[in-house]
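Chain residues, written in single-letter form:
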Amino acid sequence: MTETAARYLYLARHGEASADETTLTENGRRQAVLLGERLRSAPLTAIHHGPLPRARQTAELIGAQLDGVPLHQSELAGDYVPHLPAKEELPPDAADALLGFLAQAPEEERSQGPALAREALAAFTGTVEGDQPRHELVVTHNFLIGWLIRAALDAPEWRWLGINHSNAALTVIRYAPGRPSSVLICNDMRHLPAELRWTGFPPELRV
């Protein structure tokens, strides 16, 4: 029997982006550096990041604070809609609003997203072969983080909707042999000063 060990999956949304999403703002760069400083004590073996500039730049700034942790660009860590629910999957009182929200996403993100999301689950989650735990960081976007959290909790596929993540906040999920997956921390912003917290959230959702 092949021995397996725990995987610790660290998830971070990119730092605050410019209005046209082509680069990070100064706040976004500060957020990324501070997250990198926080992660210095974590035994990370890899940083995976999506191909868009805001995710790539965030990963590079985090990596610059660490000691030789390699960066890997991956389409699986990109910005896409992970699951397109049918209306009957959704709560009746929220279905129209949720479907209207999803209709605003670009066609490419909606059509290619579900396949990428299945591949992301296979690549980034679950236990690992061997006898040593693995710690990996994925720098990605709000939708994928919601998808991976809802999967860790065995929630219905549509329930990635409504799970939101702040820029440069941190979530950690543990996948241990013989145990259910566990969300250890979620949307944690303790490494950010007050003025850099909650970016990426509308004001009414900030607490």
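Because the structure is a prediction, the values reported are computed rather than measured.

Cut-offs and rules
Residues numbered from 1 in each chain as written. Predicted model: local features only at pLDDT ≥ 70, side-chain atom pairs only at ≥ 80, totals over all residues. Heavy atoms only, no water. Pairing = 2+ DSSP bridges. Helix = DSSP H or I, 4+ residues; strand = E, 2+ residues; numbered from the N terminus. Axes fitted to C-alpha atoms, helices over the stretch in contact; angles between N-to-C directions. Contact = heavy atoms within 4.5 Å. Phe/Tyr/Trp six-rings, centres within 6.5 Å; stacked < 30°, edge-to-face > 60°. Lys NZ or Arg CZ within 6 Å of the ring centre and 35° of its normal. Expected span 1.5 Å × (residues − 1). Buried < 20%, exposed > 50% of the residue type's maximum accessible area, 1.4 Å probe, protein only. Arc of directions from axis to C-beta. Core = buried A, V, L, I, M, F, W, Y, C linked by side-chain atoms within 4.5 Å. Salt bridge = Lys/Arg side-chain N within 4 Å of Asp/Glu carboxyl O. Parallel < 35°, antiparallel > 145°, perpendicular 65-115°, else oblique. Left-handed = near helix turned anticlockwise from the far one by under 90°. Nonpolar A, V, L, I, M, F, W, Y, C, P; charged D, E, K, R; others polar. Polar contact = N/O pair within 3.5 Å; in protein donor to acceptor, adjacent residues only side chain to side chain.

(A) Structural context of the sheet that holds strand β3 (residues 46–49). Strand order in the open sheet formed by 6 strands is β4-β3-β6-β2-β7-β8, and the pairing between neighbours is mixed. Each edge of the open sheet is held by one strand with a lone partner, namely β4 (71–73) and β8 (182–188). Each strand axis lies, on average, 20 degrees off the axis of its neighbour in the sheet, ignoring direction. With 6 bridges joining them, strand β2 (residues 7–13) and strand β7 (residues 170–175) adopt antiparallel strand pairing. Considered in β7, the bridge of Tyr-10 is made with Val-172. Across the sheet, helix α2 (residues 53–64) touches β3, β4 and β6 (134–140), and the angle it forms with β3 is around 165 degrees. Each of β2, β6, β7 and β8 is contacted by helix α5 (residues 142–152), which is oriented at about 145 degrees to β2, the strand it contacts most.

(B) Structural context of the packing of aromatic side chains. For the coordinates displayed, the defined rule picks out 3 aromatic pairs. Judged by centre distance (5.0 Å) and plane angle (75 degrees), the rings of Trp-198 and Phe-201 are edge-to-face. Through a chain of ring-to-ring contacts, the aromatic side chains of Phe-101, Phe-143 and Trp-160 assemble into a single cluster. When the ring centre of Trp-147 is taken as origin, the NZ or CZ atom of Arg-150, which lies over that ring, is 4.1 Å away.

(C) Molecular detail of helix α1 (residues 26–38). Between its terminal C-alpha atoms α1 stretches 19 Å, which fits the 18 Å expected from 13 residues at 1.5 Å a residue. When α1 is considered as a whole, its buried residues turn out to be Gly-28, Gln-31, Ala-32, Leu-35 and Gly-36. Mapping the buried residues of α1 onto a view down its axis gives an arc of 135 degrees, with all of them on the same face.

(D) View of helix α4 (residues 107–124). Its 18 residues place the ends of α4 25 Å apart at the C-alpha level, agreeing with the 26 Å of an ideal helix rising 1.5 Å per residue. Taken together, the buried positions of α4 are Gly-113, Leu-116, Ala-117, Ala-120 and Phe-124. Where α4 is buried, its residues contact β2, β3, β6, α5 and β7. Just beyond α4, the residue with positive phi is Gly-126, at close to 90 degrees.

(E) How the structure looks around the nonpolar core. Counting residues in hydrophobic clusters, the biggest one holds 29 residues, and the most contacted among them are Leu-9, Leu-11 and Trp-160. Elements with a minimum of two residues in this core: β2, α3 (95–103), α4, α5 and β7. Per-element accounting of this core gives the leading share, 7 residues, to α5. Apart from residues no more than four positions distant in its own chain, Leu-11 is found in contact with Leu-137, Val-138, Ile-145, Leu-148, His-165, Ala-169, Leu-170, Thr-171 and Ile-173. Grouped together as the second largest cluster of nonpolar side chains are 19 residues, Tyr-8, Leu-66, Leu-137 and Ala-176 included.

(F) Here's a closer look at the pattern of salt bridges. A complete count under the given rule lists 10 salt bridges for this structure. In this structure, Arg-7 and Glu-136 form a salt bridge, with 2.9 Å as the shortest nitrogen-oxygen distance. Here Arg-7, found in strand β2, pairs with Glu-136, found in strand β6; they are 129 residues apart in sequence, far enough to count as distant. Per residue, the accessibility class of Arg-7 equals that of Glu-136, and both read buried. The salt bridge involving Arg-56 is made with Glu-60; its shortest N-O contact spans 3.9 Å.

(G) Expanded view of the packing of α1 against α2. At a minimum axis distance of 7 Å, the contact between α1 and α2 shows a crossing angle of 40 degrees. When the axis of α1 is compared with that of α2, the two are oblique. With respect to the hand of their crossing, α1 and α2 are arranged in right-handed fashion. Residues Arg-29, Ala-32, Val-33, Leu-35 and Gly-36 of α1 pack against Thr-58, Leu-61 and Ile-62 of α2. Here the residues of the contact of α1 with α2 are counted per class, giving 5 nonpolar, 2 polar and 1 charged.

(H) Geometry of the side chain of Ser-74. As for its position among the elements, Ser-74 is in the loop between β4 and α3. Assessed through its relative accessible area of 15%, Ser-74 is described here as buried. A polar side-chain atom of Ser-74 sits 3.1 Å from the main-chain amide nitrogen of Leu-76. When neighbours within four sequence positions are excluded, Ser-74 is seen to be in contact with His-49, Gly-50, Pro-51 and Phe-124.

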